[in-house]
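Residue-level structural notes
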Amino acid sequence: MIQLNPASCVRYYAKSSECNKCEVICPTEAIKVAESAVNIYQNECIECGACMGVCPTEALSLNNFDVTEFFFDFIKSDESVISCKSNFLCLAALSVDHLLSLALVKDFVLDIGHCATCDIKERCFVQIESNIAEANYVLSTISDKEIQAQKIGVTKEDQPNRREFFNIFTLKGAATLHKQVKEEIEALENPEIGLSSSHIQAIRQKNIPNKRKLLFTILKRMEKPAEYKYLENEYLSFTSDKVVDESCDNCSICYRVCPTQALSSDKRFSTIYFDPLLCVKCHLCHDVCEKGSIQITEYFDTKEFFEPEQKVLKKFKVIRCIDCGNPFTYFSGEQVCPRCKIEEEEAKSLWGIE
Ligand code: SF4
Ligand code: SF4
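Let me sum up the structure you'll find in this document. Note that the structure is a prediction, hence the values are computed from the model and not measured. (Residues numbered from 1 in each chain as written. Chains lettered and ligands numbered in written order. Predicted model: local features only at pLDDT ≥ 70, side-chain atom pairs only at ≥ 80, totals over all residues. Heavy atoms only, no water.)

Attention shifts here to the site of ligand 1. Around ligand 1, a shell composed of 13 residues is seen, among which Cys9, Val10, Cys19, Cys22 and Cys55 lie nearest. Looking at the shell around ligand 1 residue by residue, the class counts come to 10 nonpolar, one polar and two charged. (Near = heavy atom within 4 Å. Nonpolar A, V, L, I, M, F, W, Y, C, P; charged D, E, K, R; others polar.)

Below is the structure:
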């Protein structure tokens, strides 16, 4: 059964969120995104997992298959093929984060031998091809790895059907596996692995999806490339780099809603910070910014993968309002905050004062 955690879904964060990636990918139309809600029709769901693969915040999960568990299980095993007919769901359930992490730790082949005849190929195979192309684009700039997709067509005479397979998978040493995965994830949250303070804070607050935690940890253990390259942001779906232009008035909505704290501020709200490696490209900050002040840059520096840093996107002068004493963003002229200014205007209009 596919489950939604509303606390992680950006649709529930803000009314203006336009995310509908899960609805668009679902091959059986079992997901319908409405204003501030995501409705799942379980009778229509075939548990392919494609929605999990595209959800930027891991708000969707299957109760009988966990991709993070699969990750650890697969890298520890002798298996080198990932196939929808033997050990995995539809390959569209593997996000770009997962593909990158897997490729950086193990050589493997994705079996696309069943895709051409698959009932859900129309939406899912397109996504699989796109994810592989994107992951290989990134890999070509940071390593000598490449993800191979081959028409192997893994079959077994006694191949259990999907549900039987899940039952076997779940029962097979499930307790041990869960314990191992828990330890692995806890290890990722350990500050000793050398993450910056913003990463540690976000990871501790558990607002970074597991798939990004995996990628963080694997990148941290990799040797840095001799030189850093630039990726075109247009071709990246899993992260981004941003700028904030002059039209920004520090309304604060973007860094208040950002689910991963990629966008953040200081206690005085005087600076907007941005951390590209924490961004999951959910697009929420763009959706909520009425002025359209946030833009994605043309290029993403691969240095961010190995030496992530919190950038200053914009600084503001914050002063105390001479009427109410509350801090506000000062641009020029009056030293009264916008709220007091509105109250003053309303009072004037009430008393007929020009
Ligand atoms: S893809 Fe994820 S974040 Fe986006 S609407 Fe669906 S569940 Fe919510
Ligand atoms: S910075 Fe914007 S796009 Fe990136 S995770 Fe935060 S809200 Fe989403």
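The next thing to look at is the nonpolar core. One finds Ile82, Phe88, Phe108, Leu110, Ile147, Leu263 and Phe305 to be the most contacted residues of the largest nonpolar core, which totals 81 residues. Apart from residues no more than four positions distant in its own chain, Phe108 is found in contact with Phe74, Ser80, Ile82, Leu99, Leu102, Ala103, Ile147 and Gln148. If you look at the next biggest cluster of nonpolar residues, it comprises eight residues, including Val10, Cys19, Val257 and Cys282. (Core = buried A, V, L, I, M, F, W, Y, C linked by side-chain atoms within 4.5 Å. Buried < 20%, exposed > 50% of the residue type's maximum accessible area, 1.4 Å probe, protein only. Contact = heavy atoms within 4.5 Å.)

Our focus in this paragraph is the site of ligand 2. Surrounding ligand 2, one finds 14 residues, the nearest of these being Cys258, Cys279, Cys282, His283 and Cys285. Of the residues contributing to the shell around ligand 2, the split by class is 10 nonpolar, two polar and two charged.

Now for the state of the cysteines. Tallying each qualifying case throughout the model produces zero disulfides. In this model Cys124 remains outside any disulfide bridge; the closest cysteine sulfur is found in Cys90, 4.1 Å from its own. (Disulfide = S-S within 2.5 Å.)

Turning next to the pairing of strand E15 (residues 317-320). Direction of pairing for E15 relative to strand E16 (residues 327-330): antiparallel, over a ladder of four bridges. Residue Arg320 lies in a different strand from E16, and its bridge partner there is Pro327. The turn joining E15 and E16, which pair antiparallel and follow one another in sequence, is formed by six residues; a positive phi near 85° is taken by Gly325. (Pairing = 2+ DSSP bridges. Helix = DSSP H or I, 4+ residues; strand = E, 2+ residues; numbered from the N terminus.)

A few words now on helix H13 (residues 338-350). Helical geometry: 3.6 residues make up each α-helical turn, so side chains three or four residues apart lie on a common side. Taking 1.5 Å per residue, 13 residues should reach 18 Å; H13 reaches 18 Å between its end C-alpha atoms and fits that length. Two residues or fewer after H13 comes Gly352, characterised by a positive phi angle close to 70°. (Expected span 1.5 Å × (residues − 1).)

With that settled, the discussion passes to the sheet that holds strand E14 (residues 311-315). Reading across the sheet, the three strands line up as E10-E11-E14 and stay open at both edges, with antiparallel pairing between neighbours. Both edges of this open sheet fall to strand E10 (263-265) and E14, since each of them pairs with a single strand only. Averaged over all adjacent pairs, the angle separating strand axes in this sheet is 30°, with direction ignored. Where E10 meets strand E11 (residues 271-274), three bridges bridge the pair, whose relative direction is antiparallel. Within E11, the position partnered with Leu263 by the bridge is Phe274. (Axes fitted to C-alpha atoms, helices over the stretch in contact; angles between N-to-C directions.)

The grouping of Leu350, Trp351 and Ile353 at the surface amounts to a nonpolar patch, some 420 Å² of accessible area in total. Tracing the chain through its elements places Trp351 in the segment after H13. Overall, the relative accessible area of 67% leaves Trp351 in the exposed class. (Patch = residues over 30% accessible without salt bridge, like charges linked within 9 Å, V, L, I, M, F, W, Y side chains within 5 Å. Areas by Shrake-Rupley, 256 points an atom, 1.4 Å probe, with all protein chains shown as cover. Salt bridge = Lys/Arg side-chain N within 4 Å of Asp/Glu carboxyl O.)

Residue placement: Ala34 occurs in strand E2 (residues 31-34). The class for Ala34 is partly exposed, based on a relative accessible area of 31%. Residues Ala34 and Glu23, spaced 11 residues apart in sequence, show a C-alpha to C-alpha distance of 10.0 Å. Look past the residues within four positions of Ala34 in its chain and what remains in contact with it is Arg11 and Asn39.

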